[in-house]
Amino acid sequence: MAGKRKLEDLSLDEFLQSGWDSNDDEIPDENPEQNGLKKKAKTKQLNKVERKQGKASQHKDQLSRLKNKDPEFYKFLQDNDQKLLNFDDTDSSEDEDEQKYHKLPSMLEEASDEEKEQPQKGSKKSKKDNAINVTEKMIQDWRASLKKEPTLRLIRDITQAFKAAVATTKGEGDIECRYKVDDSSVFNSLVLFCIQDIYGAFQRILNLKADRNQKRLVLPHTSNKWQKTHIDIKMYLSGFIQLLSCLTEATVICAVLRHANQLVPYFLCLPKQCRHLVKQLLKQWSTGEETGRVLAFLALNNICRHKQETYLVSILKQMYIAYVRNCKFTSPNVLPMINFMQRTLTEMYAIDTQATYQHAFVYIRQLAIQLRSAMTMKKKETYQSVYNWQYIHCVYLWCRVLSTLHPSDVLHPLIYPLCQVITGTIKLVPTARYYPLRMHCCRALTLLSSSTNTFVPVLPFLIEIFQQVDFNKKPGRMSKKPINFAVILKLNKINLMEKAYKDGLIDQLYDLMLEYFHTQASSISFPELALPTVLQLKAFLKECKVANYCKAVRQLLEKVQENSNHITARRQNAPFGVADASAVVEWEKAIEKEGPPLSKYYSHWKKLREKEIQLEISGKERMEDLNFPEIKRKKIHEKKAEDKKEFKGLFESDSDNDDDDTGLKIKDKKGSQGSLDDADDEVLEEGSDMSDGDSDEEEEDKGDAKASKTPQPLSSSALIELAEGDEDVVEDLELSDDD
């Protein structure tokens, strides 16, 4: 056709004659969207082909450019590798398609177990065989090289060896290391070498100099060489944390913790390693030995002070949880550690009072919620949630925190709710069995009142004990040793009957009342404050008939009255009125500087009291060192049974008479020896069994007394012989000259 005609110009005959031979371009597309999709698919296929051929063409262009850049190398390729120059675009795409798919073999064979294990063993052995064994000579060479001039290569070798040594502590022998440590002496030498010298090497290689004022910490990442050395330092710190987690010897732990204090700046530059270090330090702070606890606390304190915004809040929370977890049980040995945790945790809270307020508010509120549930539900379980050591130690901790950080405008609003929690704890179960717990709460309130200059009525809780306990009543039991009120919260029924209970109660009341009056000794209102207590003590002295108790109370009463008269005499000459608060404060400060009589007596008494406590502790230690033998007394019936077995074969002919005599002797000796033996048995039984009830003991004592009074029954043969005996013979009495 000469030219293409449009469809509208064709007649019917021309259209039928032309048939369906028209091209796609002549007929417009009825669906333009499908046409667009087809074009996109075609372009994608073309792009794929271009990509496949593009790599080959690029490679061919590089070879062609190589002819101009390096003609000698191009000539070398022509002579030796002609196939590389005669590269075809189509071959690469076909090869790539063929390499995509894996062709299965015609026959499959299963390998044996030995063949499977052989390559694995071979690879492990080859890795271990290639590792260099660390020796003492290598460590000495490293030490000498570090002293001369540390290099990056030397630091890398030492850290690799340290990593291999630490890997042996947990049995991780499969770790790929350049070195290996097999000998224990080499391990000790390597660890000691790193602890002593590696810190100085890090400082020298990074050119770090300490700040002259020592107020600002110089962090290692500020050095220009940090990027080159941080991988090796990170490896060393990771191994150091693993080593610290595996140690058990106290002296070694202390040496490692001293090294940890040196490495704190490096840990601060690596957050992940620092978090792991904090975890180990918290473990040592809460459960370690005394020196280890102090070193761990110093490291934690350094971390919080220099990266306060990052670590302080989380460390405070973890330390409080560790404190609560480890004060569940209290004993004379554990109590100093709990006091140490209280004081160090208070130091940590002193870093930031805003964060301290948030923590204190949450945890004091938690204590108040537990107390409220116990007061409303009134069940044994809810009482136990409050009357336990964890609750009491938490209350004392917050009293110490608020008293130590006073004055603080941020923490001052927490004083009142904490006092309410403590007074509610005292009133929850106000019985005699929980007097020790009341003593602990009163001591905490006294500390809070004296340090924050806040009046807290503590004396009513102590005076109430004089009204509830009958000190004239004779004790039902004799105790072997005094009751230590510092490590108990509750007394049992047996303790309430003992003499040591009342003796200890008088001592505790004397100490607490004297301590509280000492805190208020310079107050202008001391006479009015002491008046109810003076009246109660005078009433006690009138009723009490025990000399030892009256002596202690009378001494306390005299000191309180002496201080009251002194304050009364001084304030009569005061030129100001009661409404002048500033003048009152100045007057009290002047009295405190002079030293009132009660404060002078308290300072002298405190020294003597501390000496007594030290002597008691040292005396207990000396007594524990001396291994005295225990005296075991046998009861009467056990002695008689053994005597019968021992002398059974002797005097067989006079057996009847001996039986009669023994019966009479038992009856005669009962009045003299039997009562003493019974008394000794009762004392031993009381000392050995402290948990039995009163009724059971009385029944046992009555049963033992009856058993000892009744004579031993005669046998049937002896009774028959007595019944069928000879007639009684009356003989004349023969009197001697002495009669």
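No experiment lies behind these values; they were computed from the predicted model shown.

## A word on the overall build of the protein
The number of helices and strands found in the protein is 32 helices and two strands. Across the 739 residues of the protein, 34% fall into the buried class. Long-range pairs, those at least 24 residues apart, make up 71% of the contacts in the protein between residues at least 6 apart in sequence.

## Observations concerning the pattern of salt bridges
Overall, the coordinates contain nine salt bridges when judged by the stated rule. We note a salt bridge from arginine 609 to aspartate 511, for which the minimum N-O separation is 3.4 Å. Taken together, the residues span a long stretch of sequence, with arginine 609 in helix H28 (residues 597-625) and aspartate 511 in helix H24 (residues 499-519) at a distance of 98 residues. In this structure aspartate 511 comes out as buried when scored by relative accessible area, which is 11%.

## Here we look at the packing of aromatic side chains
Evaluation of the coordinates by the stated rule reveals 19 aromatic pairs. Ring geometry for phenylalanine 471 and tyrosine 549: centres 5.7 Å apart, planes at 75°, overall edge-to-face. Of the two residues, phenylalanine 471 is situated in the loop between helix H22 (459-468) and helix H23 (493-497) and tyrosine 549 in helix H26 (residues 547-572); the sequence distance between them amounts to 78 residues. Through a chain of ring-to-ring contacts, the aromatic side chains of Phe162, Tyr199, Phe202, Tyr236 and Tyr266 assemble into a single cluster.

## Some points on the packing of helix H7 (residues 136-148) against helix H9 (residues 184-205)
Following both chains from N to C, one finds H7 and H9 inclined at 15°, their axes separated by 10 Å at the closest point. In terms of orientation, H7 and H9 fall into the roughly parallel class. Where H7 crosses over H9, the two elements pack in a sense that is left-handed. Residues Glu136, Ile139, Trp142, Arg143, Leu146, Lys147 and Lys148 of H7 form the contact with H9, whose own contacting residues are Ser185, Val186, Ser189, Leu190, Phe193, Gln196, Asp197, Ala201 and Arg204. Within the contact of H7 with H9, the residues separate by chemical class into seven nonpolar, three polar and six charged.

## What about helix H15 (residues 308-325)?
Taking 1.5 Å as the rise per residue, H15 with 18 residues should run 26 Å; its terminal C-alpha atoms sit 25 Å apart, in good agreement. If you check which residues of H15 are buried, you get Tyr311, Leu312, Ile315, Leu316, Met319, Tyr320, Ala322, Tyr323 and Val324. For H15, the secondary structure elements touched by its buried residues are helix H12 (264-268), helix H13 (271-287), helix H14 (290-306), helix H16 (335-349), helix H17 (353-377) and helix H19 (389-404).

## Some words on a positive patch on the surface
Together, Lys380, Arg433, Lys490 and Lys493 make up a region of like positive charge exposed at the surface. Note on placement: lysine 493 falls in helix H23.

## Describing the confidence of the model for the protein
Averaged over all residues, the pLDDT of the protein is 77; the fraction at 70 or higher stands at 67%. Every residue in residues 90-98 is under pLDDT 50, and counting partners more than four places away or in other chains gives seven contacts. Note on residues 621-626: pLDDT is under 50 here. Beyond four places in sequence and across chains, it has one contact.

## Focus on the nonpolar core
Core analysis: the largest hydrophobic core is formed by 164 residues, its most contacted members being Ile303, Trp398 and Leu505. Tryptophan 398 has contacts with Tyr320, Tyr349, His359, Ala360, Tyr363, Ile364, Leu367 and Leu418, leaving out every residue within four places of it along the chain.

How each quantity is defined
Residues numbered from 1 in each chain as written. Predicted model: local features only at pLDDT ≥ 70, side-chain atom pairs only at ≥ 80, totals over all residues. Heavy atoms only, no water. Helix = DSSP H or I, 4+ residues; strand = E, 2+ residues; numbered from the N terminus. Buried < 20%, exposed > 50% of the residue type's maximum accessible area, 1.4 Å probe, protein only. Contact = heavy atoms within 4.5 Å. Salt bridge = Lys/Arg side-chain N within 4 Å of Asp/Glu carboxyl O. Phe/Tyr/Trp six-rings, centres within 6.5 Å; stacked < 30°, edge-to-face > 60°. Axes fitted to C-alpha atoms, helices over the stretch in contact; angles between N-to-C directions. Parallel < 35°, antiparallel > 145°, perpendicular 65-115°, else oblique. Left-handed = near helix turned anticlockwise from the far one by under 90°. Nonpolar A, V, L, I, M, F, W, Y, C, P; charged D, E, K, R; others polar. Expected span 1.5 Å × (residues − 1). Patch = residues over 30% accessible without salt bridge, like charges linked within 9 Å, V, L, I, M, F, W, Y side chains within 5 Å. Areas by Shrake-Rupley, 256 points an atom, 1.4 Å probe, with all protein chains shown as cover. Lys, Arg positive; Asp, Glu negative; His and termini not counted. Charge placed at Lys NZ, Arg CZ, Asp CG, Glu CD. pLDDT = per-residue confidence, 0-100. Core = buried A, V, L, I, M, F, W, Y, C linked by side-chain atoms within 4.5 Å.

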